[in-house]
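# Fold and contact review
Okay, here's what each chain looks like letter by letter:
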Amino acid sequence: MVQASHPAPTFAFPIRTLESDRVRLEPFSAGAHAPAFWEGTRAHPALYDFLPWGPFVDPADLLATLVDPAAAAPDRLLFAVLDKSPAPFPPPSPSPSSSSSSPSPSPVSVPYLAGITGYLHADPSSLSVEVGFLVALPASQGRGLMSAAVALLVQYALRLPSDPERGLGLRRVQYQAHTENARSIALAKRLGFVFEGVQRWQRALALGKRGNGKPVREGDPGEGRVGRDSAVLALCWDDWEEGVKEKLCVPGWEMYAA
């Protein structure tokens, strides 16, 4: 059972729920979201092949490794991605008084967990932040939900505080991905992120993770840890004002006013 004693987020920027017609992003809660995330990912360790953390051995490991450290660090904020698509009621239980001709219940819109995303490397002094923590539950993949979620994060970061949506007015939103993670890089490019280059040997990952395939030198102190090269992309305020805003602020993706 998930325990209630977990740190509240301490993010460097104002914390709020972000919402569009397609998805709602809520600050990740150990009690409200962790059980569903664990159940939706526990049988799919390949979800973490390109990530520096995971797979997790149990719910406690998920909380200790990802959720609690993200909440305690002011430069990070983890969000639950909730799908707002209508979902059907569970099948009704038969009863003696029920009739076979009774109409089926209509679908209802009850947001349910589709994955996680979030901010990291938040820097108020530089007016910048990075988008990361992207994991879509297998049952929710291929439906554009993560694109809609990242579009919300970008809008909140780059819209001005004077806008009705009350954005942060930042100057730069960064996005990093393993150089072999073609799907993640393609998602960022579709949303208007500009490829800026590759940071070689940017991370040292645990043995078993997908690395850059390059050997390390003899005597390397990170024995057993593979190297990762990271593709770096970014969206800046001038990209936003010169066309990306119109690309992302469309029906289904446009952020609700605060």
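Our subject is the structure listed above.
The text that follows walks through the structure, step by step, so that each part is easy to find. Keep in mind it's a predicted model, so treat the numbers as computed, not measured.

So, on to helix α5 (residues 237–248). Helix length check: α5, at twelve residues, gives a terminal C-alpha distance of 14 Å against a target of 16 Å (1.5 Å per residue), a shortfall beyond 12%. Every buried residue of α5 is accounted for by Trp 240, Val 244 and Leu 248. The buried residues of α5 occupy one face: seen down the axis, they fall within an arc of 70°. Among the exposed residues of α5, those oriented more than 90 degrees off its buried face are Glu 242 and Glu 246. For α5, the secondary structure elements touched by its buried residues are α3 (145–158) and β8 (226–236).

By size, the foremost hydrophobic cluster in this structure holds 44 residues, and its most contacted members are Leu 18, Leu 25, Tyr 119, Val 129, Val 154, Tyr 175 and Phe 193. The element best represented in this core is α3, accounting for twelve residues. In this view, Val 129 contacts Phe 11, Tyr 119, Leu 120, His 121, Ala 122, Ala 157, Leu 170, Arg 172, Val 173 and Gln 174; residues no more than four positions away in its chain are not counted. Counting residues in each nonpolar core, the second largest holds 23 residues, with Phe 56, Ala 70, Ala 80 and Leu 113 among its members.

The next subject is the pairing of β8. On a regular strand, each side chain points to the face opposite its neighbour's, so the side chains alternate between the two faces of the sheet. Counted residue by residue, β8 has ten buried out of eleven residues, so it is predominantly covered. Here strand β6 (residues 172–178) runs beside β8; their pairing, made up of seven bridges, is antiparallel. Across the sheet, residue Gln 176 finds its bridge partner in β8, namely Val 232. In terms of strand pairing, strand β7 (residues 194–205) meets β8 through eight bridges, oriented antiparallel. Following the sheet pairing, Val 194 is matched in β8 by Ala 234.

What follows is about the sheet that holds strand β2 (residues 23–27). Across the sheet, which stays open at both edges, the eight strands sit in the order β1-β2-β3-β4-β5-β6-β8-β7 with mixed pairing between neighbours. In the strand order of this sheet, the two ends are held by β1 (18–19) and β7, each with one partner. In the packing of α3 onto the sheet, contacts are made with β1, β2, β3 (77–83), β4 (112–123), β5 (128–136), β6 and β8, and the angle to β4 comes to roughly 35°.

Before going further, it helps to spend a moment on the side chain of Arg 159. Examined against the element boundaries, Arg 159 turns out to sit in the loop between α3 and β6. The buried category is assigned to Arg 159, whose relative accessible area is 7%. Apart from the residues lying within four places of it in its own chain, the contact partners of Arg 159 are Val 154, Glu 165, Gly 167, Leu 168, Gly 169, Trp 240, Cys 249, Glu 254 and Met 255.

Further remarks concern the packing of aromatic side chains. Within this structure, the stated rule accounts for nine aromatic pairs. For the pair Phe 11 and Phe 13, a centre-to-centre distance of 5.7 Å together with 70° between the ring planes defines the contact as edge-to-face. As far as the burial class goes, Phe 11 and Phe 13 line up, both buried. Here Phe 28 and Phe 37 contribute two aromatic rings whose centre-to-centre distance is 6.4 Å and whose plane-to-plane angle is 90°, an arrangement assigned as edge-to-face. The same class applies to Phe 28 as to Phe 37, namely buried. Among the aromatic residues, those joined into a cluster by ring pairs are Phe 11, Phe 13, Phe 79 and Tyr 119. Here the basic side chain of Lys 189 rests over the ring of Phe 195, its NZ or CZ set 5.5 Å away from the ring centre.

Now for the packing of α3 against α5. Interaxial distance between α3 and α5 falls to 11 Å at its minimum, and their mutual angle equals 135°. As summarised for this structure, α3 and α5 are arranged oblique, according to the angle between their axes. As α3 runs across α5, the sense of the crossing is left-handed. Every residue of α5 that contacts α3 at Ala 151, Val 154, Gln 155 and Leu 158 is listed here: Trp 237, Trp 240 and Leu 248.

Within the fold, Glu 196 resides in strand β7. Residue classification places Glu 196 among the partly exposed positions, given a relative accessible area of 44%. Sequence-wise, Glu 196 and Leu 233 are 37 residues apart; in three dimensions their C-alpha atoms are separated by 5.3 Å. For Glu 196, the contacting residues outside a window of four places in its chain are Arg 172, Val 232, Leu 233 and Ala 234. Reaching out from Glu 196, the side chain makes a polar contact with the side chain of Arg 172 at a distance of 2.7 Å.

Okay, the pairing of β2 next. Taken together, the two bridges between β1 and β2 define a ladder with antiparallel strand orientation. For Glu 19, the partnering residue across the bridge sits in β2 and is Arg 24. If you look at the hairpin formed by β1 and β2, you'll find three residues sitting between the two strands. With five bridges connecting them, β2 and β3 associate as antiparallel partners.

What counts as what
- Residues numbered from 1 in each chain as written.
- Predicted model: local features only at pLDDT ≥ 70, side-chain atom pairs only at ≥ 80, totals over all residues.
- Heavy atoms only, no water.
- Helix = DSSP H or I, 4+ residues; strand = E, 2+ residues; numbered from the N terminus.
- Expected span 1.5 Å × (residues − 1).
- Buried < 20%, exposed > 50% of the residue type's maximum accessible area, 1.4 Å probe, protein only.
- Arc of directions from axis to C-beta.
- Contact = heavy atoms within 4.5 Å.
- Core = buried A, V, L, I, M, F, W, Y, C linked by side-chain atoms within 4.5 Å.
- Pairing = 2+ DSSP bridges.
- Axes fitted to C-alpha atoms, helices over the stretch in contact; angles between N-to-C directions.
- Phe/Tyr/Trp six-rings, centres within 6.5 Å; stacked < 30°, edge-to-face > 60°.
- Lys NZ or Arg CZ within 6 Å of the ring centre and 35° of its normal.
- Parallel < 35°, antiparallel > 145°, perpendicular 65-115°, else oblique.
- Left-handed = near helix turned anticlockwise from the far one by under 90°.
- Polar contact = N/O pair within 3.5 Å; in protein donor to acceptor, adjacent residues only side chain to side chain.

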